[in-house]
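Inside the fold
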Amino acid sequence: MSFLIDSSIMITSQILFFGFGWLFFMRQLFKDYEIRQYVVQVIFSVTFAFSCTMFELIIFEILGVLNSSSRYFHWKMNLCVILLILVFMVPFYIGYFIVSNIRLLHKQRLLFSCLLWLTFMYFFWKLGDPFPILSPKHEQLISRVGVIGVTLMALLSGFGAVNCPYTYMSYFLRNVTDTDILALERRLLQTMDMIISKKKRMAMARRTMFQKGEVHNKPSGFWGMIKSVTTSASGSENLTLIQQEVDALEELSRQLFLETADLYATKERIEYSKTFKGKYFNFLGYFFSIYCVWKIFMATINIVFDRVGKTDPVTRGIEITVNYLGIQFDVKFWSQHISFILVGIIIVTSIRGLLITLTKFFYAISSSKSSNVIVLLLAQIMGMYFVSSVLLIRMSMPLEYRTIITEVLGELQFNFYHRWFDVIFLVSALSSILFLYLAHKQAPEKQMAP
Amino acid sequence: MASLDRVKVLVLGDSGVGKSSLVHLLCQNQVLGNPSWTVGCSVDVRVHDYKEGTPEEKTYYIELWDVGGSVGSASSVKSTRAVFYNSVNGIIFVHDLTNKKSSQNLRRWSLEALNRDLVPTGVLVTNGDYDQEQFADNQIPLLVIGTKLDQIHETKRHEVLTRTAFLAEDFNPEEINLDCTNPRYLAAGSSNAVKLSRFFDKVIEKRYFLREGNQMTLSPICWEMFSIWIPGFPDRKRFGAGTLKSLHYD
């Protein structure tokens, strides 16, 4: 009986998550495109729903809601479904939509998408070889998904940890004045004028050639070559010369446009930093930069000294308060609530952060042809990200709540994942620092050029 | 100065609707083989015979400024784009018939191009020929072109054509069917070509001959719109002139 009630609660919450994913897809991701393939939207929402259900189950674990056996059952079921989606459905549909875009293979779409899927499975399997993974079948899939997801998480965290203070702090803002922008705009318009005058010449030359009945294109064939030796093909030669100049000018105009957009963006950021909100974020930026440095330091220490934290922050915090500060309180009660709040915050911020990043990424690279494929790729990334967050979140929970994850996921080498996270985080953070440094250096030099 | 002689027509629309292909077709009578994303603005020049066939025939260069990007771009990109909207003599709005959103976004495009108040930063680029009056009474001729008609199945065509009727609320469009991949649709004598050259004639008229006259008349909704449908790439089917449908709203 209680099992039925529990299941109905779970299913209701899953439907809610599905609806949220559907709305997000419609309102945010696809707001500039027309949705023609509803399959994509369904897959995205389903992936989102099942990923969120996993987090929900963790929360229920901490709070002790629902029957323990039904929780276990739902964990297992959820995990199976998610793995099914991430390993079978989404890659297959990605292959299918890629093949649909290629005109030649239109007839044998299914065949080629199956082929693509098999290739994906091959590489997916090969991925697991260099990593320590145990033998039982079930863990093969989870461990591989976990590896990919943890790598993604670490890359994003590393870059985010460095980028966040860089964008928040106004220390790094270059000084941009209105005259700079005006000068660039004037150059841009002058370049456009030059392009226009050259194109006018080309258009007029083409017109006179057409009226005289000359051949436009390059003469081809044997007789064409002979003919071109005798007749003056100066018209078309001129055209190619001018066309080359026009190409160079157009490239220049694109560069100028991008630089101007960059200057406008910097100017807006400068104005924003003078507002109250801007100052607040500036202060946060200093805070985050210290946090970022600390994290890099800790990651290095973990790798060098080969240690993995055994206790979670909640228990350690409680230990410190009880032992060093001498404050006595009901440990069990508070540990439950504090870990609930902490885990909840981690979950919410990671979901929100991921969705925002995905949206930005999607706007930047998608076009009307590739939008379906990109959304499915994002759904795949999202699913893997959430699965590996479950793996890693285990470390933030007190021992008594970890058991369920350990039970469900089986004998995974959790320590390995934390080590791997630290390594990739370090690599990503350091390379982001290098990258941002180079980009920052290069920009003011561009403005110096006359 | 050369800038006084220019006739400038903007080509606006969402990214991926086919503006670059359209401009290439209009200016060089050739199909664009490898379309790629337009960064910033690309310009092309069309040689146009004003009042062709009459004794007053004169040749003008019409500049088609194909501005890339989407309506939802960052405000820094919008501010940069705004530099192209100065002293415009005509606007061509392009939308994709297979994509509803691109038609809905046309309204936002028109606001962005015609309403300079939306420029977020205070920087105003002043050229010598920037004319505020031109925007105040909206006497700029507008044209609406729908692309990729051949990608819409025959049965759905009527529904799609009537869908853009919302654009007819404020103005009276005429609609034409063209094929982007087949230059014969713009061949001299076809009704598409006639409507297109009527639009360009109107642009030139307003630019040169009515300049001294009606500048101060404030008739807010005085837009004339011609609509040209342009089917897109894939099928090289040719449509006979018999399938042309013109929806007149009077």
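How each quantity is defined
- Residues numbered from 1 in each chain as written.
- Chains lettered and ligands numbered in written order.
- Predicted model: local features only at pLDDT ≥ 70, side-chain atom pairs only at ≥ 80, totals over all residues.
- Heavy atoms only, no water.
- Helix = DSSP H or I, 4+ residues; strand = E, 2+ residues; numbered from the N terminus.
- Buried < 20%, exposed > 50% of the residue type's maximum accessible area, 1.4 Å probe, protein only.
- Areas by Shrake-Rupley, 256 points an atom, 1.4 Å probe, with all protein chains shown as cover.
- Pairing = 2+ DSSP bridges.
- Salt bridge = Lys/Arg side-chain N within 4 Å of Asp/Glu carboxyl O.
- Contact = heavy atoms within 4.5 Å.
- pLDDT = per-residue confidence, 0-100.
- Phe/Tyr/Trp six-rings, centres within 6.5 Å; stacked < 30°, edge-to-face > 60°.
- Lys NZ or Arg CZ within 6 Å of the ring centre and 35° of its normal.
- Axes fitted to C-alpha atoms, helices over the stretch in contact; angles between N-to-C directions.
- Parallel < 35°, antiparallel > 145°, perpendicular 65-115°, else oblique.
- Left-handed = near helix turned anticlockwise from the far one by under 90°.
- Nonpolar A, V, L, I, M, F, W, Y, C, P; charged D, E, K, R; others polar.
- Buried area = accessible area lost by both parts, 1.4 Å probe.
- Polar contact = N/O pair within 3.5 Å; in protein donor to acceptor, adjacent residues only side chain to side chain.

1. Quick notes on the overall build of chain B
Tallying secondary structure elements over chain B gives six helices and seven strands in all. Secondary structure elements of chain B occur, N-terminal to C-terminal, as β-α-β-β-α-β-α-α-β-α-β-α-β. Taken over 250 residues, chain B has a buried fraction of 54%. Carbon and sulfur atoms provide 52% of the accessible area of chain B, an area that totals close to 11,100 Å².

2. So, the pairing of strand 4 (residues 90–96) of chain B
The side chains of a regular strand alternate, first on one face of the sheet and then on the other. Residues and elements named next belong to chain B. Burial analysis of strand 4 places seven of its seven residues in the buried class, the great majority of the element. A two-sided burial pattern is seen for strand 4, the buried positions comprising Gly-90, Ile-92, Val-94 and Asp-96 on one face and Ile-91, Phe-93 and His-95 on the other. Inspection of the sheet shows strand 1 (residues 7–12) paired to strand 4 by four bridges, in the parallel sense. Residue pairing for strand 4: Val-11 is matched across the bridge by Ile-92. Strand direction decides the pairing type here: strand 4 and strand 5 (residues 142–147), joined by six bridges, are parallel. Each residue of the ladder has a partner; that of Ile-91, found in strand 5, is Leu-142.

3. Topic: the pattern of salt bridges
Enumeration according to the criterion identifies eight salt bridges over all chains in this entry. Salt bridges linked by common partners bring Asp-178, Lys-267 and Glu-271 of chain A together as one network.

4. Concerning the environment of Tyr-272 of chain A
Residues and elements named next belong to chain A. For Tyr-272, the location among the structural elements is in helix 8 (residues 234–274). What makes Tyr-272 partly exposed here is its relative accessible area of 38%. Beyond its immediate stretch of four places on either side in the chain, Tyr-272 contacts Lys-277, Gly-278 and Phe-281.

5. Some thoughts on the confidence of the model for chain B
All names here are of chain B. Within chain B, residue pLDDT values average 63, and 52% of them lie at 70 or more. Taking the mean pLDDT of every element in chain B, the minimum, 37, falls on helix 4 (residues 132–136) and the maximum, 86, on strand 1. In the model, residues 117–137 has pLDDT below 50 throughout and makes 43 contacts with residues more than four positions away in sequence or in other chains. Segment residues 212–250: pLDDT under 50, and 120 contacts once partners within four positions in sequence are set aside and those in other chains are kept.

6. Concerning the environment of Phe-288 of chain A
All names here are of chain A. Positionally, Phe-288 belongs in helix 9 (residues 276–305). Phe-288 gets classed as partly exposed once you look at its relative accessible area, which sits at 30%. Sequence spacing of Phe-288 and Ala-161 is 127 residues, and the spatial spacing of their C-alpha atoms is 7.6 Å. Those residues within four positions of Phe-288 in sequence are excluded, and the remaining contacts are Cys-164, Pro-165 and Tyr-168.

7. Some points on the packing of aromatic side chains
Taken as a whole and judged by the stated rule, the model has 19 aromatic pairs over all chains. Ring geometry for Phe-120 of chain A and Phe-124 of chain A: centres 5.6 Å apart, planes at 20 degrees, overall stacked. You can see Phe-120 of chain A and its partner Phe-124 of chain A sitting in helix 4 (residues 109–126), four residues apart, about one turn around the helix. What makes Phe-120 of chain A partly exposed here is its relative accessible area of 26%. Overall, the relative accessible area of 3% leaves Phe-124 of chain A in the buried class. By way of ring pairs, the aromatic residues Phe-92, Tyr-93, Tyr-96 and Phe-97 of chain A are connected into one cluster. Directly above the aromatic system of Trp-125 of chain A lies the positively charged group of Arg-144 of chain A, at a separation of 4.3 Å from the ring centroid. Positioned above the aromatic ring of Trp-65 of chain B, the side-chain terminus of Lys-8 of chain B is 4.1 Å from the ring centre.

8. Let's talk about the packing of helix 3 (residues 68–101) of chain A against helix 4 of chain A
Residues and elements named next belong to chain A. Running from N to C, helix 3 and helix 4 cross one another at 130 degrees; their axes reach a closest spacing of 8 Å. Taken as axis vectors, helix 3 and helix 4 run oblique relative to one another. Relative to helix 4, helix 3 is oriented so that their crossing is right-handed. Residues Val-87, Phe-88, Pro-91, Phe-92, Gly-95, Tyr-96, Val-99 and Ser-100 of helix 3 touch helix 4, and the partners they reach there are Arg-109, Leu-110, Phe-112, Ser-113, Cys-114, Leu-116, Trp-117, Phe-120, Met-121 and Phe-124. Tallied by class, the residues present in the contact of helix 3 with helix 4 amount to 14 nonpolar, three polar and one charged.

9. Some details on the interface of chain B and chain A
The partner chain A presents 37 residues to the 36 residues of chain B that form the contact. Buried area between chain B and chain A, summed over both chains or domains, comes out near 3,300 Å², and the portion from carbon and sulfur atoms is 60%. Notably, a salt bridge pairs Asp-44 of chain B with Lys-199 of chain A, separated by 3.9 Å at the nearest N-O pair. Along the contact surface separating chain B from chain A lie one residue pair in polar contact (both at pLDDT 80 or more). Of all the secondary-structure elements, those providing two or more residues to the side of chain B that touches chain A are helix 1 (19–28), strand 2 (41–50), strand 3 (58–67), helix 2 (75–81) and helix 3 (100–114) of chain B.

10. Some remarks on the environment of Ser-103 of chain B
Residue and element names in this part refer to chain B. Position of Ser-103 among the secondary structure elements: in helix 3. In this structure Ser-103 comes out as buried when scored by relative accessible area, which is 3%. Remark: the alpha-carbon pair of Ser-103 and Val-144, spanning 41 residues in sequence, is separated by 9.7 Å.

11. Things to note about the packing of helix 1 (residues 2–29) of chain A against helix 3 of chain A
Residues and elements named next belong to chain A. The N-to-C vectors of helix 1 and helix 3 enclose an angle of 40 degrees; their axes lie 10 Å apart at closest approach. Put simply, helix 1 runs oblique to helix 3. Of the two elements, helix 1 crosses helix 3, and the hand of that crossing is right-handed. Residues Phe-3, Asp-6, Ser-7, Met-10 and Gln-14 of helix 1 lie in contact with helix 3, whose contacting residues are Ser-70, Phe-73, His-74 and Asn-78. When its residues are assigned to classes, the contact of helix 1 with helix 3 shows three nonpolar, five polar and one charged.

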